[in-house]
Amino acid sequence: MSIERTFAIIKPNAVQNGNIGEIITAIEKDGFTIRGLRLTRLTPAICQGFYAEHVGKGFYPELENFMTESPVVLLCLERENAIARWREVMGATDPAKAAEGTLRKKFGESMGRNATHGSDSPASAAREVAYFFNAFDLA
Ligand code: RTP
Ligand code: MG
């Protein structure tokens, strides 16, 4: 297993609910090193580029409305096995199905408003980190 990077988002509902601090604490306690960090608000065009694989699916309009409704926190996280581990820490996409103790169980409100994002593969992680961060943003 090697040190790798993944891309994470603290989604609008979690920012609105004042959960940034608790989520970042969970990230640090789990042994991730934060390499990139930015608060921003996504535009529809930026959201479409980010979720290119989902544009055109039935749930996409709802996803775009949600992701652009208020600010998000963008993160580049580093750790051994970071991609799979971050998805474990987040839990299942649907908070109702997420395991006890996971972030989506704790902070997710529904399938759409599920608090966090995580890359699903090394190729996605590389694309997503580069989509939002340039070399000067990554420490
Ligand atoms: P994410 O990309 O946000 O980390 O979530 P994920 O990999 O667990 O799920 P993905 O399949 O990539 O879907 C992206 C986001 O779209 C919403 N979604 N809604 N109503 C639906 O059937 C449905 N399917 C997906 C979720 O908010 C999911 O996080
Ligand atoms: Mg995904």
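Residue positions within a chain follow its written sequence, with the count starting from 1. Written order decides the labels, with chains lettered from A and ligands numbered from 1. Reporting in this predicted model follows two pLDDT cut-offs: at least 70 for local features of residues, and 80 or more for side-chain atom pairs to be given and counted; totals over whole chains, interfaces and linings ignore these cut-offs and use all residues.

A look at unusual backbone geometry
(1) Moving on: Located in the positive-phi region is asparagine 81, a residue other than glycine, with phi close to 60°.
(2) Moving on: In this fold, asparagine 81 is placed in the loop between β3 (72–80) and α5 (82–90).
(3) Moving on: With a phi close to 75°, alanine 115 is a non-glycine residue in the positive phi region. The way it works is that DSSP assigns letters per residue, a run of H or I at least four long becomes a helix, a run of E at least two long becomes a strand, and they are numbered from the N terminus.

A look at the site of ligand 1
(1) Moving on: In the vicinity of ligand 1, the contacting residues are His54, Phe59, Leu63, Thr93, Met111, Gly112, Asn114, His117, Gly118 and Asp120.
(2) Moving on: For the shell around ligand 1, the class distribution of residues is three nonpolar, six polar and one charged. Throughout this description, a residue near a molecule or strand is one whose C-beta atom, derived from the backbone, lies within 6 Å of it. Side-chain classes are defined by residue name, with Ala, Val, Leu, Ile, Met, Phe, Trp, Tyr, Cys and Pro counting as nonpolar, Asp, Glu, Lys and Arg as charged, and the others, Gly among them, as polar.

A look at the UniProt feature "domain: Nucleoside diphosphate kinase-like" (unreviewed entry) in the protein
(1) Moving on: UniProt positions are given in the numbering used here, feature names are shortened, and annotations may be inferred rather than shown by experiment. The positions UniProt marks with the feature "domain: Nucleoside diphosphate kinase-like" (unreviewed entry) are residues 3–139.
(2) Moving on: Between the first and last C-alpha atoms of residues 3–139 the distance is 15 Å; the span itself is 40% helix and 20% strand.

Some points on the UniProt feature "active site" (unreviewed entry) in the protein
(1) Moving on: Following the UniProt record, one finds the feature "active site" (unreviewed entry) at His117.
(2) Moving on: Looking at the secondary structure, you find histidine 117 in strand β4 (residues 116–118).
(3) Moving on: By the criterion used throughout, residues are in contact when their C-beta atoms, derived from the backbone, lie within 7 Å. With sequence-adjacent residues up to four places away left out, histidine 117 is seen in contact with Ala8, Ile9 and Lys11.

Topic: the nonpolar core
(1) Moving on: To define a nonpolar core, we join buried Ala, Val, Leu, Ile, Met, Phe, Trp, Tyr and Cys residues through C-beta atoms within 7 Å and take the resulting set. Here exposure depends only on C-beta density: within 10 Å of a residue's C-beta, 20 or more other C-beta atoms make it buried, 12 or fewer make it exposed, and intermediate numbers make it partly exposed, the C-beta atoms being placed from the backbone. Val72 and Leu77 are the most contacted members of the largest nonpolar core, which has 27 residues in total.
(2) Moving on: For this core, the secondary structure elements donating two or more residues are β1 (3–10), α2 (20–29), α3 (44–50), β3, α5, α6 (103–107) and α7 (122–132).
(3) Moving on: Looking at which element gives the most residues to this core, the answer is β3, with six residues.
(4) Moving on: With near-sequence residues (within four places) excluded, leucine 77 lies in contact with Arg5, Thr6, Ala8, Ile27, Phe32, Ile34, Arg35, Ala82 and Trp86.

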